Amino acid sequence: MKQYLSLFRIRFINSLQYRAAAYGGMVTQFFWGFMTLLLFRAFYKSGAADFPMEFSRLSSYIWLQQAFLTLFMIWYFDMDIFNSITSGNVAYELARPVDLYKMWFTKNVATRLSRATLRSFPILIVAALLPKPYGFSLPYSFTNFAMFLITAVLAFLIVMAFCMLVYISTFYTMSSLGVRIVAAALSDFLTGGIIPLPFLPDNVQRIIGLTPFASMQNLPFLIYSGHIAGAEMFRGIMLQVFWLAALVFIGRLWMNSALKRVVIQGG
Amino acid sequence: MLYGKYFSIHLKSQMQYKTSFFLTALGQFLTSFSVYLSIYFMFERFNRVEGFTYTEVLLCFAVVLMAFSLAECFFRGFDTFPTIISNGEFDRMMVRPRSVIFQVLASKIEFSRIGRLLQAIIVFAYAIPASGISWTYDKIVTLLLMLISGITVFSGLFIIYASFAFFTIEGLEFMNIFTDGGREFGRYPLSIYGEGVLKFFTYVIPTALFQYYPFLYLIGRSDNLLYMFLPLVGMLFLIPCYCFWRFGLRHYKSTGS
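Residues numbered from 1 in each chain as written. Chains lettered and ligands numbered in written order. Predicted model: local features only at pLDDT ≥ 70, side-chain atom pairs only at ≥ 80, totals over all residues.

(A) Quick look at the overall build of chain A. What chain A contains, in helices and strands, is 12 helices and zero strands. Helices (α) and strands (β) of chain A occur, in sequence order from the N terminus, as α-α-α-α-α-α-α-α-α-α-α-α. Rg of the C-alpha trace for chain A: 19 Å, near the compact-globule value of 18 Å for 267 residues, within the 12% margin. Overall, chain A is about 60 × 40 × 35 Å in size when its C-alpha atoms are taken along their principal axes. Each of the 267 residues in chain A was classed as buried or not, and the buried ones make up 42%. Sequence separation of at least 24 residues holds for 83% of the intrachain contacts in chain A that already meet a minimum separation of 6. (Helix = DSSP H or I, 4+ residues; strand = E, 2+ residues; numbered from the N terminus. Rg over C-alpha atoms; globule rule 2.2 N^0.38 Å. Buried ≥ 20, exposed ≤ 12 C-beta atoms within 10 Å, placed from the backbone. Contact = placed C-beta atoms within 7 Å.)

Below you can see the structure in the form of C-alpha cells.
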C-alpha cells in the first residue's frame, strides 16, 4: 500500500506544477459553462413547460461539470501510459515489484485529482457569485450533499476503471488513437457531457440507465441539486458499487490475459 | 506544384496506417454525430428555439462543421505550430527558400478530418431539401459564400493561435474558446445566446458574419441583400491575422533546441 501512496504523492505534486495551464483551463471552462447556460436559456424561453428540471438546478449541474471536468471526463487520458505500451517501456514497469493495474490506477487518480484541485474551487466560487438562476447554488439539503460526496467519489472511481479498459486495449491494438477517440466520443454523449441526461427522451434515458455511463457524472450532479432525492439515491449508489466492482473485475482479468501474451516492442 | 507534392506525400504516409486512419476518421465522425444527436433530442423536446426550426438549425450546424473540418484539414500545421517552435523545427524552415507560411501550411495535412466532413455532408444532404428553402441562385451563392468565409475565419483563428506561440512558446488554451468553441456553439444561430454574445462574435471574432447574418437571408428571415455579402467582409479577418503573424515573426527568438 505504501508504494502506491508515495506514487500518488509524487504524481499529485508533479501535476500541481502546471499552474499556467490551469489558469488557461479555468478561463476556457468558465466560458464554456457560461455559453452552455445561455444556450439552455434560449430553449427555456422557447418552451419552459418542456424543461425537465428547474433552471437553477441545471445551472448547478453545468458549473459542477465544468469545475470537475478533469475528474469525470473520460477523455483525460494519461498519454504516458499509452506511450509506455507502444514504446515497450512497460517492460520496466513490469519488472518492478508493484501491481501494474494498481499503479496505473493510482497514477491516474493522482493526476486528475491534482488538476481538479487547482481548477474547481475558483470556478465554483465565481459561479456562485452569478445572479440567480444562472449561478451555482447551495446543495438541495444536507443529506443530498453527503450523498453527493459519496456518489462523486464512486463515480470518479468508475470513470477510472473504465479508462483502465481503454489503456489495456492498447496491448492489442498498439495504436491507441482510434480507440481513444471512439471511447471519448461515445462516453461524452452517454454520460451527459453534451446535454444532461434528463433532457433525453425517457426510453433513451432508460437504455443509458442500464450502462455504467449513467453512474458517472450524471448521478452525483443530479443528487447535488436535488433532482434525484430520497430512496432513488440509494438505488443509484448500489448500482455504482455494482459497476465499479464489475469494471475493476473485468479490467484485472483482461490485464492478466493481456500480460500473458504481451510482446515487448523492443526499444 | 510543390503543395501538390506535399499533399500526396501526406496522403501516402497517412495511408500507411490504414486501421488507425479509419478509426480516427470514425472517431471524428462519432464526435460530431453525438453533437448532432444532442440537437436532435433537444428539438424533440422543444419544437423551436427563438423561432428557428430543426432543419434550419441543421443547416447552420452543417455550415459551421464543414467550414471547420476543411480549415482544420488544411491549416492543421498552424494548430500544431507550438511544437514546431519548441522543437526547433522552425529554425530550419526559416533558412529554406520558400515562404514560412507555405511551409507551415504544408507541414501537416490531416486527412482523417474526413470523418467530420462526412457528417457535415450527410446533414447537408438531409437539410438542404428538408429546409423548405427554394434554392434559387442567390441562395446557392449565399451558402457557398458562407462556407468559404467560414473556412477563412477558422483558418485566421488558427493563424492567431500559432502566432501567440512566438511569444509564449506554448499554445494558449483559451484560444480554444474561439476555435473549438466557435464550432461547438456555432451549431445554433449565434443570436440565441443573446445580444452581447452576438455582438462579440460580430465585431471581435467575425463568426456571425458567415454563420448568422447570411443565414437569416438564406432561410428567408431577412431580404436584406447586404446580409448575403457579409461573408465577404468576414474574409477580411485574414488581414489582421496575417499582420499579427508578421508581428510575431519579427519577435521570434529561437528556443535553441
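(B) Here's a closer look at the overall build of chain B. The secondary structure content of chain B amounts to 14 helices and zero strands. Going from the N terminus to the C terminus, chain B shows its helices and strands as α-α-α-α-α-α-α-α-α-α-α-α-α-α. Its C-alpha radius of gyration of 19 Å places chain B within 12% of the 18 Å reference for a compact globule of 257 residues. If you line up chain B on its principal axes, its C-alpha atoms span 55 × 40 × 35 Å.

(C) Structural context of helix H3 (residues 55-67) of chain A. Residues and elements named next belong to chain A. Counted at 1.5 Å a residue, the expected span for H3 with its 13 residues is 18 Å, and the 18 Å between its end C-alpha atoms agrees. With 11 of 13 residues buried, H3 lies mostly within the body of the structure. Among the residues making up H3, those that are buried are Arg57, Leu58, Ser59, Ser60, Tyr61, Ile62, Trp63, Leu64, Gln65, Gln66 and Ala67. In this fold, the buried residues of H3 make contact with helix H2 (19-46), helix H4 (69-72), helix H7 (100-129) and helix H11 (218-225). (Expected span 1.5 Å × (residues − 1).)

(D) Here's a closer look at the interface of chain B and chain A. The interface is formed by 33 residues belonging to chain B together with 30 residues belonging to chain A. The element contributing the most residues to the side of chain B that touches chain A is helix H2 (residues 18-45) of chain B, with 16 residues. For the side of chain B that touches chain A, the per-class residue count stands at 18 nonpolar, 10 polar and five charged. (Nonpolar A, V, L, I, M, F, W, Y, C, P; charged D, E, K, R; others polar.)

(E) Inspection of the environment of Phe41(B) at higher detail. Following the sequence through the fold, Phe41(B) ends up in helix H2. Remark: the alpha-carbon pair of Phe41(B) and Met93(B), spanning 52 residues in sequence, is separated by 48 Å. If we ignore the near neighbours within four places in the chain, the residues touching Phe41(B) are Ile195(A), Phe199(A), Leu200(A) and Pro201(A).

(F) View of the nonpolar core. If you look at the biggest cluster of nonpolar residues, it comprises 146 residues, and the most contacted ones within it are Val159(A), Ala62(B) and Ala67(B). Broken down by element, the residue count for this core peaks at 17 residues, all from helix H3 (residues 54-79) of chain B. Once residues within four sequence positions are removed from consideration, Ala62(B) is found in contact with Ala120(B), Val123(B), Phe124(B) and Ala127(B). (Core = buried A, V, L, I, M, F, W, Y, C linked by C-beta atoms within 7 Å.)

(G) Up close: unusual backbone geometry. The residue after Lys132(A), namely Pro133(A), is reached through a cis peptide bond having omega -5 degrees. Position of Pro133(A) among the secondary structure elements: in the loop between H7 and helix H8 (142-173).

(H) Seen up close, the packing of helix H8 (residues 137-168) of chain B against helix H13 (residues 225-235) of chain B. Residue and element names in this part refer to chain B. It is at 8 Å that the axes of H8 and H13 come closest, and there the two elements cross at 20 degrees. One element, H8, and the other, H13, form an angle in the roughly parallel class. For the crossing formed where H8 meets H13, the hand is left-handed. Of H13, the residues touching H8 (which contributes Asp138, Thr142, Leu145, Met146, Ser149, Thr152 and Val153) are Met228, Pro231, Leu232, Gly234 and Met235. Its residues assigned to classes, the contact of H8 with H13 shows seven nonpolar, four polar and one charged. (Axes fitted to C-alpha atoms, helices over the stretch in contact; angles between N-to-C directions. Parallel < 35°, antiparallel > 145°, perpendicular 65-115°, else oblique. Left-handed = near helix turned anticlockwise from the far one by under 90°.)

(I) Examining the environment of Ser169(A) more closely. Within the secondary structure layout, Ser169(A) lies in helix H8. Expressed as a C-alpha distance, the spacing of Ser169(A) and Phe82(A), which sit 87 residues apart in the sequence, is 9.9 Å.

(J) Structural detail: the packing of H2(B) against helix H7 (residues 114-130) of chain B. Residue and element names in this part refer to chain B. Closest axis-to-axis distance for the H2/H7 pair is 6 Å, and the angle between their directions is 40 degrees. Taken as axis vectors, H2 and H7 run oblique relative to one another. Of the two possible hands of crossing, H2 and H7 adopt the one that is right-handed. Between H2 and H7, the residues in contact are Ala25, Leu26, Gly27, Gln28, Phe29, Ser32, Phe33 and Tyr36 and Ile114, Gly115, Arg116, Leu118, Gln119 and Val123, respectively. Taken together, the residues of the contact of H2 with H7 break down into eight nonpolar, five polar and one charged.

(K) Fine view of the confidence of the model for chain B. Chain-level statistics for chain B give a pLDDT mean of 88 and a share of 99% at 70 or above. Predicted complex, confidence summary: ipTM 0.89, pTM 0.89. (pLDDT = per-residue confidence, 0-100.)

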